[in-house]
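What follows is each chain in one-letter form.
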Amino acid sequence: MPSILASQLVAVILAGFLASKVLYGLHSTFLDLRFGPLDTIFTGVGVIAVVANLYVLYKSITASAAFEAHVESNATQEPAAEQPEAPGLEAPAQTEASRS
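Thresholds applied
- Residues numbered from 1 in each chain as written.
- Predicted model: local features only at pLDDT ≥ 70, side-chain atom pairs only at ≥ 80, totals over all residues.
- Heavy atoms only, no water.
- Helix = DSSP H or I, 4+ residues; strand = E, 2+ residues; numbered from the N terminus.
- Buried < 20%, exposed > 50% of the residue type's maximum accessible area, 1.4 Å probe, protein only.
- Areas by Shrake-Rupley, 256 points an atom, 1.4 Å probe, with all protein chains shown as cover.
- Patch = residues over 30% accessible without salt bridge, like charges linked within 9 Å, V, L, I, M, F, W, Y side chains within 5 Å.
- Salt bridge = Lys/Arg side-chain N within 4 Å of Asp/Glu carboxyl O.
- pLDDT = per-residue confidence, 0-100.
- Polar contact = N/O pair within 3.5 Å; in protein donor to acceptor, adjacent residues only side chain to side chain.

Asker: Looking at this structure, how should I read the overall build of the protein chain?
Answerer: A tally of regular secondary structure across the protein chain gives 3 helices and 2 strands. Listing the helices and strands of the protein chain from first to last along the sequence gives α-β-β-α-α. When burial is assessed residue by residue, the protein chain has 5% of its 100 residues classed as buried. Carbon and sulfur atoms provide 67% of the accessible area of the protein chain, an area that totals close to 9,100 Å².

Asker: Got a minute to help me understand a nonpolar patch on the surface in this structure?
Answerer: Among the surface-exposed residues, V50, L54, L57 and I61 lie close enough to one another that they form a single nonpolar patch of about 390 Å² accessible area. Along the chain, I61 falls in helix α2 (residues 37–76).

Asker: How should I be thinking about the confidence of the model for the protein chain in this particular structure?
Answerer: In low-pLDDT segments, the atomic positions of the prediction should not be examined closely. In the predicted model, the protein chain carries a mean pLDDT of 82, and 75% of its residues have values of at least 70. No element of the protein chain has a lower mean pLDDT than helix α3 (residues 92–99), which averages 56, and none a higher one than helix α1 (residues 2–22), which averages 93.

Asker: Can you help me understand the environment of S7 in this one?
Answerer: Considering the arrangement of structural elements, one finds S7 in helix α1. At 2.8 Å, the side chain of S7 forms a polar contact with the backbone oxygen of I4.

Asker: Even after reading the chapter, I still don't get unusual backbone geometry, so can you show me in this structure?
Answerer: Negative phi values dominate among residues other than glycine, just as trans dominates among peptide bonds. Positive phi, close to 55 degrees, is recorded for L31, a residue that is not glycine. Examined against the element boundaries, L31 turns out to sit in the loop between β1 (28–30) and β2 (33–35). A relative accessible area of 69% places L31 in the exposed class. Backbone geometry at D32 places phi at a positive 65 degrees, although glycine is not the residue there. By secondary structure assignment, the location of D32 is in the loop between β1 and β2.

Have a look at this one:
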């Protein structure tokens with residue numbers, strides 16, 4: 001929980017610094033839309049969020065495919081034969097019965 005709060009604090013400080021120092025005089029127009037410092041910050045955050053979601057989607061699809069391939073490979077293998085018990089590892093009840 002403290003790491004989440006720390007990352008939020010850093011993000012707010014970084015956004016404030018960008019808006020007040022780096023992007024202070026930015027006034028641009030694209031397709032008849034005006035962009036200022038805050039618009040640029042919000043657009044950048046939105047692009048980062050979309051890229052992160054696409055990455056998670058890609059990783060979940062590849063992980064799902066790998067899991068299905070693993071399950072299929074294990075399903076085609078023959079079940080392991082039962083291994084006989086090692087001598088001297090009998091149940092305690094059998095040991096007591098053999099003593100009397």
